[in-house]
Amino acid sequence: MAAVYKSLSKSGTQKAEAPSNGVKKNKQRVLILSSRGVTYRHRHLLNDIASMLPHSRKDAKFDSKSRLNELNELAELYNCNNVLFFEARKGKDLYLWLSKVPNGPTIKMHLQNLHTMEELHFTGNCLRGSRPLLSFDGAFDKHPHLRVIKELFQHTFGVPQGARKSKPFIDHVMGFSFVDGKIWVRNYQISEEEASAVKPNEEGAKNGKASTKSKPSSDTDISLIEIGPRFVLTPIVIQEGSFGGPIIYENREFVSPNQLRADLRRSKATRHNARAEQIVGRMSRKGDLGLRSSGSQRIPRNELDNKALFA
């Protein structure tokens, strides 16, 4: 049976790729790699995405964070025209670079609210190597920069027909929603359940007697079950070239996590300084009232005090 299915699939693909039909084959390959300094959660997310994309090529860690243009040569070496690069900073922050090799564009996004498949423990499941349906929010067609992001998402996460290691099934949906200036990514399994062939009569059920008539039904109940992973992306910049070139879009509302942590430390420092100033002011007021003067001591002096022993 395997040989018969293989021969039939080859003949089907040859007919689809015939130039007489005018069908152009979608050749997309994605190179997935990360920088050094990623945590175990980042590594699990990379493995989950690599397992979802059968047309991807996973590579070792990239050692340089300043010469990202070298990824173009690496993608050409592996015959890939899309690059999915995870850049880790300080072991806390994770940035996602999405580029179209060799002419661009390139999108830099901040990845947060990360939950991998092992953390979620959802009941859904999908076939390994199956092709997904990509569902985009209506906001992706309203803004120019979101149209560019949508096109790159389609090239990266959309598994082409007849790709390497892909299965001829579509059993899960990847949803991309744009809310509050962020892109929310979710993955769902398409669950189909056949409706019951026997439907009791409503009147007989009320009287306590089930009807013996049965009516076959071919309808199926379709539902979505989340399987993960899930994460949130915040667009930062869009460059015209591949890992370089002029900036065609910049998110002015984005605040880096380093700046947020610095503001938090600064607020804690101001509270500490305010408490220190209150202590100094209280001590000075006690001195003005004569509570700390040596001439009129209202508080008895302790002979075992450190100031008395080590004077």
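Counting starts from 1 at the beginning of each chain's written sequence and moves along it residue by residue. Under the rules for a predicted model, residues below a pLDDT of 70 receive no local features and side-chain atom pairs below 80 are neither given nor counted, while totals for whole chains, interfaces and linings still include all residues. Each side-chain value is derived from all of the structure's non-hydrogen atoms; neither hydrogens nor water enter the calculation.

Quick word on the pattern of salt bridges
For the record, the criterion: For salt bridges, the criterion is a side-chain nitrogen of Lys or Arg within 4 Å of an Asp or Glu carboxyl oxygen. Strands here mean DSSP runs of E at least two residues long; helices mean DSSP runs of H or I at least four residues long; both are numbered from the N terminus. Burial classes: relative accessible area under 20% of the type maximum marks a residue as buried, over 50% as exposed, and values in between as partly exposed (1.4 Å probe, protein chains only).
The final tally for this structure, using the stated rule, is 10 salt bridges. We note a salt bridge from R41 to E119, for which the minimum N-O separation is 2.7 Å. Note that R41 is positioned in helix α2 (residues 40-52) and E119 in helix α4 (residues 117-120), a separation of 78 residues in sequence. Residue classification places R41 among the partly exposed positions, given a relative accessible area of 26%. Between E226 and R186 there is a salt bridge, and its shortest N-O distance comes to 3.9 Å. Taken together, the residues span a long stretch of sequence, with E226 in strand β9 (residues 220-226) and R186 in strand β8 (residues 182-194) at a distance of 40 residues.

Quick notes on the packing of aromatic side chains
Here is the rule we go by: The criterion for an aromatic pair is that two Phe, Tyr or Trp rings (for Trp, the six-membered ring) have centres within 6.5 Å, with stacked assigned to planes under 30 degrees apart, edge-to-face to planes over 60 apart and tilted to the rest. As a reminder, the over-ring test applies to NZ of lysine and CZ of arginine, requiring each to be within 6 Å of the ring centre and within 35 degrees of the ring normal.
In this structure the tally under the stated criterion is eight aromatic pairs. For the pair F157 and F176, a centre-to-centre distance of 5.8 Å together with 50 degrees between the ring planes defines the contact as tilted. Taken as a pair, F157 in helix α5 (residues 144-157) and F176 in strand β7 (residues 167-179) lie far apart in primary sequence, 19 residues in all. The exposure classification of F157 matches that of F176, with both residues buried. Each residue in the set F136, F140, F153, F157, F176 and F178 is aromatic and connected to the rest through ring pairs, giving one cluster. Lying across the ring of Y95, K108 places its NZ or CZ 5.0 Å from the centre.

Regarding the confidence of the model for the chain
Applied cut-off: For every residue, the pLDDT score states the predictor's confidence, bounded by 0 at the bottom and 100 at the top. By definition in these notes, contact holds between two residues if any of their heavy atoms fall within 4.5 Å.
For the chain, per-residue confidence averages 80 on the pLDDT scale, and residues scoring 70 or more make up 80% of the total. When pLDDT is averaged over each element of the chain, strand β10 (residues 230-239) comes out on top at 94 and helix α6 (residues 202-206) at the bottom at 48. Contacts from residues 203-207, a stretch scored under 50 in pLDDT, to residues over four places away or in other chains number two contacts.

Overview of α2
Put simply, the rule is: Expected helix span is taken as 1.5 Å per residue step, with the number of steps being one fewer than the number of residues.
If you check α2, its first and last C-alpha atoms are 19 Å apart, about what 13 residues at 1.5 Å a residue would give, namely 18 Å. Taken together, the buried positions of α2 are H42, L45, L46, D48, I49, A50 and M52.

Digging into the side chain of Q189
In this structure, Q189 sits in strand β8. Given a relative accessible area of 16%, Q189 falls into the buried group.

Section: the nonpolar core
So the rule is basically this: In these notes, a set of buried Ala, Val, Leu, Ile, Met, Phe, Trp, Tyr and Cys residues joined through side-chain atoms within 4.5 Å is what counts as a nonpolar core.
Counting 34 residues, the largest nonpolar core has I32, I49, F86, F153, F176 and L233 as its most contacted members. Apart from the residues lying within four places of it in its own chain, the contact partners of F176 are L134, S135, F136, D137, F140, F153, F157, I183, W184 and V185. By size, the runner-up hydrophobic cluster in this structure holds 13 residues, among which are L31, F62, L71 and V101.

Things to note about the environment of I107
Within the secondary structure layout, I107 lies in strand β5 (residues 106-115). A relative accessible area of 0% means that I107 is categorised as buried. Sequence spacing of I107 and V148 is 41 residues, and the spatial spacing of their C-alpha atoms is 9.0 Å.

Focus: helix α3 (residues 70-77)
Note that an α-helix has 3.6 residues per turn; residues three or four places apart therefore point the same way. Just so we agree on the cut-off: The directions from the helix axis to the C-beta atoms form the arc being described.
Where α3 is concerned, the buried positions are L71, N72, L74 and A75. Seen from one end, α3 has its buried residues packed into an arc of 165 degrees, which puts them on one side. Every exposed residue of α3 that faces more than 90 degrees away from the buried side is listed here: E73, E76 and L77. Tucked into the core, α3 has its buried residues touching β1 (30-34) and β3 (82-89). Following α3 by one or two positions, N79 adopts a phi angle in the positive range, close to 60 degrees.

As for the environment of V101
Take V101: it is sitting in the loop between β4 (93-100) and β5. You can call V101 buried: its relative accessible area is 8%. For the pair formed by V101 and G241, sequence separation is 140 residues and the distance between their alpha carbons is 8.6 Å. Discounting residues that sit within four places of it in the chain, V101 has contacts with N72, A75, E76, C80, N81, V83 and S242.

What to know about the side chain of D48
Heads up, the rule is: Positive residues here are Lys and Arg, negative ones are Asp and Glu, while His and the chain termini are left out of the count.
As for its placement among the helices and strands, D48 is situated in helix α2. It turns out D48 is buried and unbridged, and the closest side chain with the opposite charge, R128, is 8.0 Å from it. Discounting residues that sit within four places of it in the chain, D48 has contacts with T116, M117 and P229.

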